[in-house]
Each structure stands twice: as C-alpha cells, then as structure tokens.
Amino acid sequence: MTSAPHSDPAPEPQPVKNVLAVVSPHVGGRAAGSALAGLFPGRARVTVVESADEDPAALREAHLLITGLSPVTAGHLAAAPQLELVQCASHGFDYVDLDAARERGIPVCNIGSSGAEKQNVAEQTFALMLALAKQLVPAHTALVEADWALPRLQQSLTELSGKTLGIIGLGHIGEEVARRALAFDMTIVYTGPRPAGPETEARLGGARHLDLDALLRTSDYITLHAPLTDRTRNLLDAERLALLKPTAFVINTARGALIDQDALADALEAGTLAGAGLDVFDPEPPTAALRLLKAPNVVLSPHVAGVTRETLVRIALAAVQNVVGHLEGKPLRDVVS
Ligand SMILES: NC(=O)c1ccc[n+]([C@@H]2O[C@H](COP(=O)([O-])OP(=O)(O)OC[C@H]3O[C@@H](n4cnc5c(N)ncnc54)[C@H](O)[C@@H]3O)[C@@H](O)[C@H]2O)c1
Ligand SMILES: O=C(O)[C@H](O)CO
C-alpha cells in the first residue's frame, strides 16, 4: 500500500505593505524603493515621491517610509496613521523629527552599521585635507589664468605627514578616517562621549582620547564626524574656534550646524585659522548670503561625501535589507530612536 505524498500546508498569505520612498535630495530613497519593489513585488507596493508632501494619499496609506535626507516632520508623521517604520537611506538621521516619531512609537533606523558610506566620507575628508595642504584650488585657478604661482604658493604649502589629526566622533566614519590617517603618518587624537577602549586605540596607532577643548588646542587638522543632535548643534562656536592654532584646518563632512558658520567665517577672515574644508552647510543648499562661500582659504563641496556610484548601491541594499527584515518579522538594525 502506498501512502499519499506528503504536502506542506500552504503558507499564510502575507499582507502587502505600502512603502513610500522619498527621493529628493538624495537618491538613496529611490534606489532603495526600486530595489524593494523589484525584490518583493508581492509584499511591497512602492510609491516614489520627490518629497513627503507630494502625495498626501500615499502618505496616509504608507506603512513604511524610506527617505534619504528629505525631511520627515511631526506633520508628516501625524498625516501617516499607519506608519510602522521610518528607514533612513543614509548614515545621518537628523532630518527626521525623532521626538515626534518616539511619541508615536515609530522606530527610526539608519544604515550606520552597514558602513555603506564610510569609505567615501573618509576619502572626501582626505580630499579636502589634501586640497588645503597643497593649495590645489588657488594653484588651479592661478594656472588656468596663466599665472605660474609657484613662488607665491611655496610659502603656504604644507604636509599631512607628522601632523596631529583631531577626530570629533570616532564612530563608523571617524574610525575609517583614522585608519587612513595612519597611512599618512599622522598622529591621532579623538574626542567623544567615552574612550574607544585600548584595543581600538592600539589598532589606530595609539590614538588618544582627549576632551574637546584639549583636542582643539592640540590638533593641526580637526575633522567632525559626530551626529547633529540638540547637544552637538554649534559644538564649534566662537569660543571653541578661538582655541584652535592659527595654522589649523577644520574639515566638516558631518553636518553644517555642528559649527557656528558666522564664527568660522570670522576666524578665517581674521586669519586666526588657516583654512576650512566643508562638504555640509546649514541650510542646504546654502544661501548666497553665507559668508563662508567667500571666506579665504576654503574648499567646498555640495554634500557629496556620502555619494558615489558605488556608495549608492550599498546605501540602497542596506536600507532594503532592514525593511525586508522588518517585513519578515526580524529585529530591526540600527534603531536610532
Ligand atoms: N557628508 C555626507 O555625505 C555624510 C555621509 C554620511 C554621514 N554623514 C554624517 O556623519 C555623521 C557620522 O556618521 P557615523 O555613521 O560615523 O555615525 P556613528 O554614530 O557611527 O558615529 C558618531 C560618533 O560620534 C560620537 N559623538 C556623539 N556625540 C558626540 C560629541 N558631543 N562629541 C564627539 N563625539 C560625539 C558618537 O559617540 C559616535 O562615536 C552622521 O550622523 C552624518 O551626519 C555625512
Ligand atoms: O547622512 C548623510 O549625510 C547622508 O548619508 C549622505 O549620503
């Protein structure tokens, strides 16, 4: 007698979730939304918009919201009664109203632990540092105007080698910057809420934890890699900028509002600081009134430290992985609030 073939019970149908993927100004949201729609067509119904204001009906229906640097305000959250998760397709998360999300019990996640952007932010940090040390912008500008600027420039060119790099925030990106600094024979000091521990410090060539003021007094290059929060806004104000050596350079690839931008322009104009390399501004894009745009010895880039073709793929995959995990009932990664 043959027994009937064993068949598994049919899987429970899973509910389809509405995903609102917000694109602008960062394309990570679109990339993540498209990947999700392609990978999980039966599970995620994806709507792509340029801003969370664009389609009130889609916001009202949204279960999941993916965004990259596009604001998610208390108003947006209130207009999305079904929302279960805000997934940032970015390392930063300051553009989401975390207090409002917390009040509603909606988790907010970033992609920090994926390290998706860390190589590129570290490279951009060094691009800005090298551009300042080697005076690349004035050298280029002079040469295309038929000015052989060598006699003038040789007075101001410097080396990274042998200099002290002060890292404000030794997290995913700060550590990646530190690893590269070792190859440039720099000495590393860092500041943050707590020391990173002897193993990390040894791995980073004997990096030393200092309080912020001591770091500012000691460093030749100061680079910011802390998140923007209520506690870090204006971290480098006029008083703190006054602690810097007149030969020091400030690099900011984290968030514009970490520095008092007027005070930085004052210091550059007064020559109490040698230069600044800035990828981030407050607001973005900066208005024409931002004095830093015309300050001496600045090298500027338009918030590109986290984006390359390679990075965007990693950003999208990291955001999608977390959202898919959520759809499958797995614990969320990188919950920032
Ligand atoms: N320009 C860009 O394109 C770009 C790209 C990615 C990230 N970012 C910015 O870089 C920031 C850092 O990213 P991450 O992934 O390394 O974050 P992370 O959370 O891994 O690291 C942040 C570090 O800052 C430290 N910190 C917190 N408060 C501090 C304070 N008051 N002083 C000094 N350190 C403090 C934390 O302890 C942590 O070690 C992001 O929040 C984002 O704003 C910018
Ligand atoms: O936090 C940021 O600045 C974004 O991740 C940029 O890519």
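Residues numbered from 1 in each chain as written. Chains lettered and ligands numbered in written order. Predicted model: local features only at pLDDT ≥ 70, side-chain atom pairs only at ≥ 80, totals over all residues. Heavy atoms only, no water.

### Regarding the overall build of the chain
Where we set the bar: To qualify as a helix, a DSSP run of H or I must reach at least 4 residues; to qualify as a strand, a run of E must reach at least 2; elements of each kind are numbered from the N terminus. Exposure classes here rest on a 1.4 Å probe applied to the protein chains alone. A residue is buried below 20% of its type maximum, exposed above 50%, and partly exposed in between. In this description, contact between two residues means that some pair of their heavy atoms is separated by no more than 4.5 Å. Working definition of accessibility: Shrake-Rupley area with a 1.4 Å probe, residue cover restricted to the visible protein chains. Counting rule applied: Lys, Arg positive; Asp, Glu negative; His and chain ends not counted. Working definition for charges: the position is that of NZ of Lys, CZ of Arg, CG of Asp or CD of Glu.
Summing up its helical and strand segments, the chain has 13 helices and 12 strands in all. For the chain, buried positions account for 47% of its 337 residues. Of all intrachain contacts in the chain linking residues separated by at least 6 positions in sequence, the fraction that spans at least 24 positions is 65%. Approximately 16,400 Å² of the chain is accessible, and the part contributed by carbon and sulfur atoms is 56%. Distance between charge centres in the chain, computed from 28 positive and 38 negative side chains, equals 3 Å.

### Some points on the UniProt feature "domain: D-isomer specific 2-hydroxyacid dehydrogenase catalytic" (unreviewed entry) in the chain
As a reminder, the rule being used: UniProt positions are given in the numbering used here, feature names are shortened, and annotations may be inferred rather than shown by experiment.
As recorded in UniProt, the feature "domain: D-isomer specific 2-hydroxyacid dehydrogenase catalytic" (unreviewed entry) lies at residues 53-336. Spanning residues 53-336, this segment combines 37% helix with 13% strand, and its end C-alpha atoms are found 24 Å apart.

### Considerations on the site of ligand 1
As a reminder of what qualifies: The rule for a residue being near a molecule or strand is that one of its heavy atoms must lie within 4 Å of it. Polar contacts, as used here, are pairs of N or O atoms within 3.5 Å; protein pairs need one atom able to donate a hydrogen and one able to accept it. Residues neighboring in sequence count only if both atoms are side-chain atoms. Polarity classes work like this: nonpolar for Ala, Val, Leu, Ile, Met, Phe, Trp, Tyr, Cys and Pro, charged for Asp, Glu, Lys and Arg, and polar for all others, with Gly in that last group.
Near ligand 1 there are 25 residues, and of these His91, His172, Ile173, Thr253 and Gly306 occur at the shortest range. Between Gly171 and ligand 1, the recorded distance is 3.4 Å, taken from a backbone N or O atom to an oxygen atom. Here an oxygen atom of ligand 1 sits 3.3 Å away from a polar atom, N or O, in the side chain of Arg255. Protein contact buries 82% of the 860 Å² of open area that ligand 1 shows by itself. Looking at side-chain class alone, the shell around ligand 1 contains 10 nonpolar, 12 polar and 3 charged residues.

### Brief notes about the environment of Ile173
You can see Ile173 is positioned in helix H8 (residues 172-183). Leave out the neighbours within four places in its chain, and Ile173 touches His91, Lys118, Val121 and His225.

### Here we look at the pattern of salt bridges
Applicable threshold: Within this document, salt bridges are pairs made up of a side-chain nitrogen of Lys or Arg and a carboxyl oxygen of Asp or Glu, the two lying within 4 Å of each other.
Inspection of every chain in the model, using the stated rule, returns 14 salt bridges. Between Lys17 and Glu84 there is a salt bridge, and its shortest N-O distance comes to 2.6 Å. Pair noted here: Lys17 is in strand E1 (residues 17-22) and Glu84 is in the loop between helix H3 (74-78) and strand E4 (85-88), with a separation of 67 residues, a long-range link. Judged by relative accessible area, Glu84 falls into the partly exposed class, the value being 23%. Here Glu269 ties to Arg291 by a salt bridge, and the two come within 2.9 Å at their closest N and O atoms. Placement of the pair is Glu269 in helix H12 (residues 261-270) and Arg291 in the loop between strand E11 (275-278) and strand E12 (298-300), with a sequence separation of 22 residues. Three or more residues joined by partner-sharing salt bridges are found here, namely Lys118, Glu176, Arg179 and Arg180.

### Observations concerning the sheet that holds E11
What counts here: Strands qualify as paired when DSSP identifies two bridges or more between them. Where helices are involved, their axes are fitted lines through C-alpha atoms of the stretch in contact, as for all axes, and angles between N-to-C directions lie from 0 to 180°.
As summarised here, the arrangement of the 7 strands in space is E8-E7-E6-E9-E10-E11-E12, forming an open sheet in which the pairing is parallel. Only two strands of the sheet have a single neighbouring strand rather than two, namely strand E8 (208-209) and E12. Relative to strand E9 (residues 221-224), strand E6 (residues 164-168) runs parallel, the two sharing 4 bridges. Opposite Ile167, over in E9, you have Thr223 as the bridge partner. Lying over the sheet, H8 contacts E6, strand E7 (187-191) and E9, oriented at roughly 170 degrees with respect to E6.

### Some details on a nonpolar patch on the surface
Note the following rule: Only residues whose relative accessible area exceeds 30% and that form no salt bridge are eligible for patches; like-charged ones are grouped when within 9 Å, while nonpolar side chains (Val, Leu, Ile, Met, Phe, Trp, Tyr) are grouped when within 5 Å.
Together, Leu143, Trp148 and Leu150 give the surface a local cluster of nonpolar side chains, amounting to about 370 Å² of exposed area. Looking at the secondary structure, you find Trp148 in the loop between helix H6 (136-144) and helix H7 (150-153). On the basis of relative accessibility, which here comes to 64%, the residue Trp148 falls in the exposed class.

### Brief notes about the UniProt feature "domain: D-isomer specific 2-hydroxyacid dehydrogenase NAD-binding" (unreviewed entry) in the chain
Under the present numbering, the feature "domain: D-isomer specific 2-hydroxyacid dehydrogenase NAD-binding" (unreviewed entry) in UniProt falls on residues 126-305. With 33% helix and 15% strand, the stretch residues 126-305 has end C-alpha atoms that lie 10 Å from each other.

### Some words on the sheet that holds E4
Spatially, 5 strands are ordered E2-E1-E3-E4-E5 in an open sheet, and the strand pairing comes out parallel. Because the sheet does not close on itself, it has two edges, and the strands there are strand E2 (44-49) and strand E5 (108-109). In this sheet, E4 lies alongside strand E3 (residues 64-67) in parallel orientation, the contact comprising 4 bridges. If you follow Ile66 over to E4, its bridge partner there is Gln87. Strands E1, E3, E4 and E5 of the sheet are contacted by helix H13 (residues 309-327), whose axis makes an angle of about 160 degrees with E4.

### A few points about the nonpolar core
To keep things clear, this is the line we draw: We define a nonpolar core as any set of buried Ala, Val, Leu, Ile, Met, Phe, Trp, Tyr and Cys residues linked to one another through side-chain atoms lying within 4.5 Å.
Core analysis: the biggest nonpolar cluster contains 32 residues, and Ile168 and Leu264 have the highest contact counts within it. Of the residues forming this core, the biggest block, 5 residues, is contributed by H12. Apart from the residues within four sequence positions on either side, Leu264 is in contact with Leu241, Ile259, Leu273, Ala276, Leu278 and Leu292. Membership of the second largest hydrophobic core comes to 26 residues, among which are Leu165, Leu170, Ala178 and Ala207.

### As for the confidence of the model for the chain
Rules: pLDDT is a residue-level measure of predictor confidence that goes from 0 to 100.
Taken residue by residue, the chain gives an average pLDDT of 94. The fraction at 70 or more is 97%. Both scores are given for the predicted complex: the pTM is 0.95, the ipTM 0.99.

### Digging into the pairing of E3
Burial along E3 is two-sided: Leu64 and Ile66 and Leu65 and Thr67, pointing in opposite directions, are all buried. Across 4 bridges, E1 lies against E3 in parallel orientation. Within E3, the position partnered with Ala21 by the bridge is Ile66.

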